[in-house]
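# Summary of the model geometry
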Amino acid sequence: MGNKLRIVHTADIHFDAPFSSLDASLARQRKNELKQSFETIIETVKTKNADLLVIAGDLFDSENTNHLTVEFINSMFSRIPDTYIFISAGNHDPKTQTSYYNMLDLRENVHIFSGEFEKISIDALDLDVYGISFTSAFAQGLGLPKVQNAQKTNLLVMHADTQTDSGYNSVSAADIENSGFDYVALGHIHQPVISQKTGLTPWAYCGTPEPKGFDETGDKGVLYVEIEKPRVSIEFVKTCKRNYYTEQVDVSGAENHREIAEMASSRITDGHGLYKIVLTGETALSVSTQYISDALTGKCFFAKVYDKTLPLTDYKKYANTNTLKGLFVKLMLEKIEKCKDDAERQICTDALKTGFDVLDGKEVSVIED
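Conventions adopted
- Residues numbered from 1 in each chain as written.
- Predicted model: local features only at pLDDT ≥ 70, side-chain atom pairs only at ≥ 80, totals over all residues.
- Heavy atoms only, no water.
- Phe/Tyr/Trp six-rings, centres within 6.5 Å; stacked < 30°, edge-to-face > 60°.
- Helix = DSSP H or I, 4+ residues; strand = E, 2+ residues; numbered from the N terminus.
- Buried < 20%, exposed > 50% of the residue type's maximum accessible area, 1.4 Å probe, protein only.
- Lys NZ or Arg CZ within 6 Å of the ring centre and 35° of its normal.
- Core = buried A, V, L, I, M, F, W, Y, C linked by side-chain atoms within 4.5 Å.
- Contact = heavy atoms within 4.5 Å.
- Lys, Arg positive; Asp, Glu negative; His and termini not counted.
- Salt bridge = Lys/Arg side-chain N within 4 Å of Asp/Glu carboxyl O.
- Polar contact = N/O pair within 3.5 Å; in protein donor to acceptor, adjacent residues only side chain to side chain.
- Pairing = 2+ DSSP bridges.
- Axes fitted to C-alpha atoms, helices over the stretch in contact; angles between N-to-C directions.

## A closer look at the packing of aromatic side chains
The full count for this structure, using the stated rule, is 14 aromatic pairs. On the numbers, 6.1 Å between centres and 50 degrees between planes, the contact of Phe60 with Tyr100 is tilted. With Phe60 in the loop between β2 (52-55) and α2 (67-77) and Tyr100 in the loop between β3 (84-87) and β4 (110-112), this residue pair connects regions lying 40 residues apart in the sequence. With relative accessibility at 1%, the residue Phe60 sits in the buried group. A relative accessible area of 22% means that Tyr100 is categorised as partly exposed. Through successive ring pairs, a cluster of aromatic residues spans Phe15, Phe38, Phe72 and Phe77. Positioned over the ring face of Phe72 is Lys35, at 5.6 Å from the centre of the ring. Between the NZ or CZ atom of Lys325 and the centre of the ring of Phe356, over which it lies, the distance is 4.9 Å.

## Examining the nonpolar core
If you look at the biggest cluster of nonpolar residues, it comprises 29 residues, and the most contacted ones within it are Phe15, Phe38, Leu53, Leu59, Phe77, Ile87 and Leu104. Among the secondary structure elements, those contributing two or more residues to this core are α1 (24-47), β2, α2, β3, β4 and β11 (221-228). Contacts of Leu53, omitting those with residues within four sequence positions, involve Val8, Thr10, Ile41, Ile42, Val45, Phe77, Ile80, Thr83, Tyr84, Ile85 and Phe86. Counting residues in hydrophobic clusters, the runner-up holds 20 residues, among them Ala11, Tyr183, Ala185 and Ala204.

## Some points on the side chain of Asp270
Along the polypeptide, Asp270 turns up in the loop between α4 (257-265) and β14 (274-280). There is no salt bridge for the buried Asp270, and the closest opposite charge comes from Lys238, which lies 6.7 Å off by N-O distance. Polar contacts involving the side chain of Asp270 include one to the main-chain amide nitrogen of His272, which spans 2.9 Å. Not counting residues within four places of it along the chain, the set of residues in contact with Asp270 comprises Asn243, Tyr245, Tyr275, Lys299 and Cys300.

## Some words on the sheet that holds strand β1 (residues 5-10)
Overall, mixed pairing links the six strands, which are arranged β4-β3-β2-β1-β11-β12 in an open sheet. The outermost strands of the open sheet, each flanked by one partner alone, are β4 and β12 (231-238). On average, each strand axis in the sheet is tilted by 20 degrees relative to the strand beside it, whichever way the strands run. The sheet contact formed by β1 and β2 spans four bridges and is parallel. Each bridged residue has a counterpart across the sheet, and for Val8 the counterpart in β2 is Leu53. Along the sheet, α1 contacts β1, β2, β11 and β12; its crossing angle with β1, the most-contacted strand, is approximately 170 degrees.

## Concerning the sheet that holds strand β7 (residues 153-159)
The strand order across the open sheet built from six strands is β5-β6-β7-β8-β10-β9, with neighbouring strands paired in mixed fashion. Each edge of the open sheet carries a strand with a single partner, namely β5 (118-122) and β9 (193-198). On average, each strand axis in the sheet is tilted by 20 degrees relative to the strand beside it, whichever way the strands run. Bridge count for β9 against strand β10 (residues 201-205) is four bridges, and the pairing is antiparallel. Bridge pairing links Val193 to Tyr205 in β10.

By themselves these figures say nothing about function.
Rendered as structure tokens:
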């Protein structure tokens, strides 16, 4: 057994992300909370007495970065002068001559990888750290380097996609298996994927430390990794200040908007959360999403309501008519009958409603995150 190596693994922070689904005031608050999450990461480094902080890409969301954000990052790095910091630039923030990475305070303990695979040796830890950065928004799969000294602890840090047909530096399972690393710290996927192991090589996506939209539900955080060859342990550490939730509310049988509002309100269990409330079912009401949204004010940090209800329409009578609308309804009703589960049935039901409205000359809208 060798010396124990302690690592905090983060990625996909996306500083100055626009939080476009929120109004300006709430978006500004979420940007500040993202900084608070990063501060939590730095405190985790200190609490765990970590030897390394690795950032596997997308530290910045885009070129639209505020210089005060870079100043903030530098101040955070200054709090952990005895921790080695390794950064692999991602597809959102490629390392170029004009990137904000050039404004980071690259003191002795901070290293940003170049566009070619590098190996940095830390003799005091008997450690070799390999890594590579994106230099443009896309990168073809480059494979993985081979470990040069298997007696040492060997770590790989990179922003990559394990989907082999990806344009985001795809790496295959065979690449990981044959690499010989003791741990592969990946970024790019915003959901944590923990304790994945290919062959003898453990690897993981840490996910994003703070969610940015309704496609990023669940707890978010960082990974704390301990390596004591040949043992590797991985612990998820929650850092997010808020969670996003998507709730489908079947309002069938509701007689008025007050009842619908009560149904929606009952699904809000986190007063600090952000909610997408999707109303489903059949109703004779012409649903006012604004009324429901107003009724939810103060119940949580943010709530947006979408109407995906179906009118109490006898679609079967249209299915028996010799018209384009009738043919469409007949085909969709047959498809709904063959659905395997509620999720598929909801998709098909939504398609029936939307298609029916289009053929009826009505204006339709699409739900966005």
